Amino acid sequence: MRTASLRVVSLALALGASAASAQPRIIDLGEPQLPDGAFGQVIPVDGARPVGDVGVLRSSRAPVCVHVGEGVTPETARDTLRFAEEALDALEYRLGLPLPLGDGTRGGTNDLDVYLRTDGPLSETVPDVVDPAWLWDRASAFVRVRTTSDARALRRHVTEALVRAAVLGVKADHPPTFVSALGSTVARWITGDTPDLASWRAFQRNVHRSIFARRERTDEESRGASLFLDHLTRRWDDESHALLKGLLWAPVQHTPRGSALFWDEPDLFDVARRVFRDERGGVRSMLLEFAAARSLVGTPADAFNLAGGFDESLGTTPVRTLRFSQLPAWVTPTEALEPTGSATVVIDLFDAPLVRPAMAVWFHGSPWQRWMVRAVRVSNDGRPVAELDSEVITQGEWSTQFDVLDVYREVRIVILALGDESYDPDVPANPNGFFALNVAPVR
């Protein structure tokens, strides 16, 4: 079993301290020190259930039923029920994850209700009110799914919605982007589908944004954050997915009575900080490795072949691509980086002289933020062959120099913003990540 996966065995006990012991920020940014619990998700109330059922299909072997809307064909309704049954079977028997919570009689029975319609959202999971008598914040939910003639797409929509309902039944106050991303990742394990590359592209278009922090996102971008979870599982998880289950289970918490918002402390990054504490560089290096990996998705340099093939449109768009003959050069980002967001600068060595000088890099970043930088040298066959990482940059400045031999095709400079290192997914992301990068040959 991999090291990171072993950390999650006792995390629920280690992190299940009182919500009153909220972690302070590591770096004082001069901002109001509000209690971390004040930044949790809004506690849900019962949502309005769809009306207009023309029939209901109830499973005889799984706690699920399909509410059939007007215009839905009998074949589509039967397929939807079968996909829902298969998803619940896989959750319980293959993956060892809990089934969605029963909802009492909100939909007529205690079963999970899937509302199948010819219009509305492709796939939506709506939480019910949270019972304050429970030991931790967990919620039942209902599901809306729109019909489609593509059976494969319908199966994915149904499965993702059911997985999200199961996640809410474990912890109702996980960040919405994490819930969507986990739904996409786990649904793919169940269906055996390839990754949803369209959602990955949506996620990659906003590489400067934080991975999970609270902000307005499209549904596609939120689901595309599954790229991060896919990378984690491929790089550090074991066959039982203990790491991902730990991120799901270990942060469970109970919000104090009378609070208007969930108290999400500890959060999933608090868990990640504990899980990766014995890994070299800890959670910081994990985030830097992902920042470098996402810039190479779909290329021969993708060490884990996350996309299952070559598609360079999946990689992140560099802030700037420079030819060697254009050096020295200054580079600044078009968008300020949010914590856990990143940027890449590419230096193409095609026109570099045969006898190449060394290359120097000077980084200048906002001094009230923390940063890390990785220089990746890519060989002529497209593989990353030499990497050089900075330490955590605390004073806003860092420099290094390295060789650029003729076996190298390009150099990628990856900049990661760490913010104040709280990574709190419930705090609105603060885009203070301004930097300037100077790259020059050393003759």
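Anything mentioned here points back to the structure above.
It should be emphasised that the depicted structure is a prediction, and the values quoted were computed from it without experimental measurement.

1. Description of the sheet that holds strand β1 (residues 53-58)
- Strand order in the open sheet formed by 5 strands is β1-β2-β3-β5-β4, with mixed pairing between adjacent strands. Strands at the two margins of the open sheet, each flanked by one partner only, are β1 and β4 (123-127). For this sheet, the mean angle separating the axes of adjacent strands, direction not counted, is 20 degrees.
- Taken together, the 4 bridges between strand β3 (residues 112-117) and strand β5 (residues 141-146) define a ladder with parallel strand orientation. From the neighbouring strand, Arg117 faces β5, where its bridge partner is Arg146.

2. So, the pairing of strand β8 (residues 342-348)
- Of all 7 residues making up β8, 6 are buried, and the element is well covered by its neighbours.
- Relative to β8, strand β6 (residues 320-323) is paired through 4 bridges, and the arrangement is parallel. Counted as the bridge partner of Thr321 is Val346 from β8.
- Two elements, β8 and strand β13 (residues 408-419), share 7 bridges in a ladder whose sense is antiparallel. When the sheet's bridge partners are listed, Ser342 is paired in β13 with Leu416.

3. A look at the environment of Arg277
- With respect to the helices, strands and loops of the structure, Arg277 is situated in the loop between α10 (268-275) and α11 (282-294).
- Residues Arg277 and Ala153, 124 residues apart in the sequence, show an inter-C-alpha distance of 39 Å.
- Only 2.7 Å separates the side chain of Arg277 from the backbone oxygen of Arg274, close enough to count as a polar contact.

4. Points about empty space enclosed by the protein
- Scanning the entire structure with this criterion turns up 4 cavities of 30 Å³ or more.
- Its boundaries defined by the atoms lining it, the largest cavity holds a volume of some 80 Å³.
- Breaking the lining of the largest cavity down by element, the ones donating at least two residues are α4 (151-170), α5 (176-191) and α8 (226-236).
- The element that contributes the greatest number of residues to the lining of the largest cavity is α5, accounting for 4 residues.
- For the lining of the largest cavity, the per-class residue count stands at 3 nonpolar, 4 polar and 6 charged.

5. Some details on the packing of α5 against helix α9 (residues 242-249)
- Two elements in contact, α5 and α9, have axes separated by 12 Å at closest approach and are oriented at 145 degrees. The crossing of α5 and α9 is left-handed. Within the contact between the two elements, α5 uses Phe178, Leu182, Thr185 and Trp189 and α9 uses Leu244, Leu247 and Leu248.
- For the contact of α5 with α9, a count of residues per class yields 6 nonpolar, 1 polar and no charged.

6. Here we look at α9
- For α9, the buried fraction is high: 6 of the 8 residues fall into the buried class.
- Residues of α9 that are buried include every one of Ala242, Leu243, Leu244, Gly246, Leu247 and Leu248, and no others.

7. Some points on the environment of Gly71
- Mapped onto the fold, Gly71 is located in the loop between β2 (64-69) and α3 (74-94).
- By relative accessible area, which is 61% here, Gly71 ends up exposed.
- In this structure, the C-alpha to C-alpha distance between Gly71 and Phe228, residues 157 residues apart in sequence, is 38 Å.

8. Focus: the packing of aromatic side chains
- The full count for this structure, using the stated rule, is 11 aromatic pairs.
- Each ring, one from Trp371 and one from Phe435, has its centre 6.1 Å from the other, and the planes form 75 degrees; the classification is edge-to-face. Residue Trp371 is found in strand β10 (residues 370-379), and its partner Phe435 is found in strand β14 (residues 435-442); the two are separated by 64 residues along the sequence.
- For Trp371, a relative accessible area of 0% gives the class buried.
- Taken together, the ring pairs connect Phe178, Phe212, Phe228, Phe269, Phe290 and Tyr423 into an aromatic cluster.

9. Focus: the layout of surface pockets
- The space that makes up the largest pocket amounts to roughly 720 Å³.
- What lines the largest pocket is a set of 27 residues, among which Thr125, Pro176, Thr177, Val179 and Ser180 lie closest to the centre.
- Listed by contribution, the elements that provide at least two residues to the lining of the largest pocket are β4, α4, α5 and α7 (219-224).
- Taken together, the residues that form the lining of the largest pocket break down as 11 nonpolar, 8 polar and 8 charged.

10. Points about the side chain of Asp420
- By the secondary structure assignment, Asp420 is in the loop between β13 and β14.
- On the basis of relative accessible area, Asp420 is assigned to the buried category, the value being 8%.
- One polar contact links Asp420 to Ser422, side chain to side chain, over a distance of 2.8 Å.

11. Quick notes on unusual backbone geometry
- Geometrically, the link from Glu265 to Pro266 is a cis peptide bond, its omega value of 5 degrees lying close to zero.
- Of note, Pro266 is situated in the loop between α9 and α10.
- With omega at 5 degrees, the peptide bond leading from Leu327 into Pro328 counts as cis.
- Look at Thr340: it is not a glycine, yet its phi comes out positive at around 75 degrees.
- With respect to the secondary-structure elements, Thr340 resides in the loop between β7 (329-331) and β8.
- In this structure, Glu421 takes a positive phi of about 70 degrees despite not being glycine.
- Note that Glu421 resides in the loop between β13 and β14.

Calculation rules
- Residues numbered from 1 in each chain as written.
- Predicted model: local features only at pLDDT ≥ 70, side-chain atom pairs only at ≥ 80, totals over all residues.
- Heavy atoms only, no water.
- Pairing = 2+ DSSP bridges.
- Helix = DSSP H or I, 4+ residues; strand = E, 2+ residues; numbered from the N terminus.
- Axes fitted to C-alpha atoms, helices over the stretch in contact; angles between N-to-C directions.
- Buried < 20%, exposed > 50% of the residue type's maximum accessible area, 1.4 Å probe, protein only.
- Polar contact = N/O pair within 3.5 Å; in protein donor to acceptor, adjacent residues only side chain to side chain.
- 1 Å grid on protein atoms, 1.4 Å probe; cavity = no way out; pocket = protein on both sides within 12 Å on 5 of 7 lines; lining within 4 Å.
- Points joined across faces, edges and corners; volume = space filled by probe spheres on them.
- Nonpolar A, V, L, I, M, F, W, Y, C, P; charged D, E, K, R; others polar.
- Left-handed = near helix turned anticlockwise from the far one by under 90°.
- Contact = heavy atoms within 4.5 Å.
- Phe/Tyr/Trp six-rings, centres within 6.5 Å; stacked < 30°, edge-to-face > 60°.

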